[in-house]
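Given next are the chains, with one letter for each unit.
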Amino acid sequence: MTLSIGIDSGSTATKGILLEDGVIRRRFLTPTPFRPADAIVEAWETLRAGLEARPFLTLTGYGRQLVDFADKQVTEISCHGRGARLLLPETRTVIDIGGQDSKVIQLDEEGNLTDFLMNDKCAAGTGRFLEVISRTLGASVEQLDALTEGVEPHAITSMCTVFAESEVISLRSAGVPPEAILAGVVNAMARRSANFIGRLSAQGPLLFTGGVSHCAAFSRMLSAHVNMPVQTHPDAQFAGAIGAAIIGQRVKK
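Summarised in this report is the structure supplied together with it. Residue numbers run consecutively from 1 along every chain, following the written order of its sequence. Only residues with pLDDT of at least 70 get local features here, since the model is predicted, and only at 80 or more are side-chain atom pairs given and counted; chain-wide, interface and lining totals rely on the full set of residues. Side-chain measures were taken over the full set of non-hydrogen atoms in the model, leaving aside hydrogen atoms and water.

Moving on, we get to the nonpolar core. Here, the term nonpolar core denotes a set of buried Ala, Val, Leu, Ile, Met, Phe, Trp, Tyr and Cys residues that are joined through side-chain atoms within 4.5 Å. The buried label applies to any residue whose accessible area, calculated with a 1.4 Å probe on protein chains only, is under 20% of its type's maximum; exposed applies above 50%, and partly exposed to all values in between. Counting 41 residues, the largest nonpolar core has Ile95, Ile181, Val185, Ile197, Phe218, Leu222 and Val226 as its most contacted members. In this description a helix means any DSSP run of H or I spanning at least four residues, a strand means any run of E spanning at least two, and both kinds are numbered starting from the N terminus. Contributing elements (two or more residues each) for this core: β6 (93-97), α3 (127-136), α5 (161-173), α6 (178-198), β9 (206-209) and α7 (216-226). Throughout, a residue-residue contact means that at least one pair of heavy atoms, one from each residue, lies within 4.5 Å. With residues near it in sequence (within four places) discarded, valine 185 still touches Phe129, Leu130, Ile133, Ile156 and Val168. The next biggest cluster of nonpolar side chains, apart from the first, holds 17 residues, and it includes Leu87, Leu207, Ala239 and Ala241.

Let us now look at the side chain of arginine 85. Its location among the elements puts arginine 85 in helix α2 (residues 76-87). Note that His is not counted, nor are the chain ends; the positive residues are Lys and Arg, and the negative ones are Asp and Glu. By convention in these notes, a salt bridge is any Lys or Arg side-chain nitrogen within 4 Å of a carboxyl oxygen on Asp or Glu. The side chain of arginine 85 is buried and forms no salt bridge, while aspartate 108, the nearest opposite charge, is found at 6.1 Å. A distance of 2.6 Å separates the side chain of arginine 85 from the backbone oxygen of threonine 91, its partner in a polar contact. Once you skip the residues sitting within four places of it in the chain, arginine 85 turns out to touch Glu90, Thr91, Arg92, Leu107, Asp108, Glu109, Glu110 and Gly111. Think of a polar contact as two N or O atoms within 3.5 Å of one another; within protein, one of them needs to be a possible hydrogen donor and the other a possible acceptor, and neighboring residues in sequence only count if both atoms come from side chains.

Here the focus is the packing of aromatic side chains. Describing an aromatic ring pair means giving the distance of the ring centres and the angle of the ring planes. We call Phe, Tyr and Trp rings a pair once their centres come within 6.5 Å, taking the six-membered ring for Trp, and we label the pair stacked below 30 degrees between planes, edge-to-face above 60, and tilted otherwise. By the definition in use, this model includes two aromatic pairs. Taking 5.4 Å as the distance between ring centres and 35 degrees as the angle between the ring planes, the aromatic pair formed by phenylalanine 208 and phenylalanine 218 counts as tilted. Taken together, the residues span a long stretch of sequence, with phenylalanine 208 in strand β9 and phenylalanine 218 in helix α7 at a distance of ten residues. Taking relative accessible area as the criterion, phenylalanine 208 reaches 0% and is therefore assigned buried.

What follows is about a nonpolar patch on the surface. To count toward a patch, a residue needs a relative accessible area above 30% and no salt bridge. Like charges then connect within 9 Å, nonpolar side chains (Val, Leu, Ile, Met, Phe, Trp, Tyr) within 5 Å. Computed by Shrake-Rupley with a 1.4 Å probe, the accessible areas treat only the displayed protein chains as cover when residues are assessed. Side chains of Tyr62, Leu113, Phe116 and Met118 sit close together on the surface and give an oily, nonpolar patch of about 370 Å² of accessible area. Within the fold, leucine 113 resides in strand β8 (residues 113-119).

Further remarks concern the sheet that holds strand β5 (residues 72-73). In this analysis, strands are considered paired if DSSP registers two or more bridges between them. Strand order in the open sheet formed by five strands is β3-β2-β1-β4-β5, and the pairing between neighbours is mixed. Of all strands in the sheet, those bounded by a partner on one side alone are β3 (23-31) and β5. Summarising the sheet, strand β2 (residues 13-20) and β3 pair through eight bridges and their orientation is antiparallel. The partner of lysine 15 across the bridge, within β3, is leucine 29. Angles here are taken between N-to-C directions and fall from 0 to 180 degrees, while the axes themselves are lines fitted to C-alpha atoms, restricted in helices to the stretch in contact. Helix-sheet contacts for helix α1 (residues 36-48) involve β1 (3-9), β2, β3 and β4 (56-61), and the interaxial angle to β3 is about 150 degrees.

Now for the pattern of salt bridges. Taken as a whole and assessed by the stated rule, the structure comprises ten salt bridges. Here aspartate 101 makes a salt bridge to lysine 103, at a shortest N to O gap of 3.2 Å. For the pair shown, aspartate 101 and lysine 103 are each scored as buried. Close ionic contact of glutamate 131 with arginine 135 constitutes a salt bridge, the shortest N to O distance being 3.5 Å. You can see glutamate 131 and its partner arginine 135 sitting in helix α3, four residues apart, about one turn around the helix. Residue classification places glutamate 131 among the partly exposed positions, given a relative accessible area of 35%. Three or more residues are tied together by salt bridges with common partners; here these are Asp96, Asp101 and Lys103.

A separate point is α6. An α-helical turn contains 3.6 residues, so a residue and the one three or four places further along point in the same direction. Between the first and last residue of a helix there are one fewer steps than residues, each counted as 1.5 Å, and that sum is the expected span. Between its first and last C-alpha atoms α6 spans 30 Å; for 21 residues at 1.5 Å apiece the expected length is 30 Å, and the two agree. Most of α6 sits inside the fold, with 16 of its 21 residues counted as buried.

Remember, this is a structural readout, not a statement about activity or role.
Pasting the structure below:
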């Protein structure tokens, strides 16, 4: 029996996975606190609780260097492709949209990394952007699917978080329904992500991971913009942690 734990210390959420011989046995998810190391420790203790043997621990994400008890530290790019292939074995392209960054990862037929792009310099098009705009309209990200279902998106011209927030307030004052504004914001984000994907001449199957992948409206609009099916998975937010655990499992062997 090979036990491996992968922890992805992200900017807004900390994710953890316990793998046993390549099968997911436990999951851990919590908002990343003021001290990210606290969430890493909590994830480690929770995932290994009750186990007789000490699992191999691999850390990834922004906070991967904040604790000294990990067996290995790896970059997010190294992990997300491997995690995506476990969730959807035929994956050739991964679009990951997290709290503070977005990345596109291209894989070959064997699942090896061939190219990638990463945007961590601007919050536009990330989960944080979506959260700020939703809050400006008095909604939560969790409500987006229900609020935008069947709604025609209103055009949004700015994708800068500061300017977009001002534009949203102006549109609301002009009487544009908040549902149409929200749909417009999601559509603008999806179009931006599609352009990002297009820079790698991506091919399918395309797997959408990260916290934003829970938004079905985003997946639907992204699919329309890239002109190919966009697939996701209930564990898509854990892709980085899954990949970290896979790497640790291979090292341990």
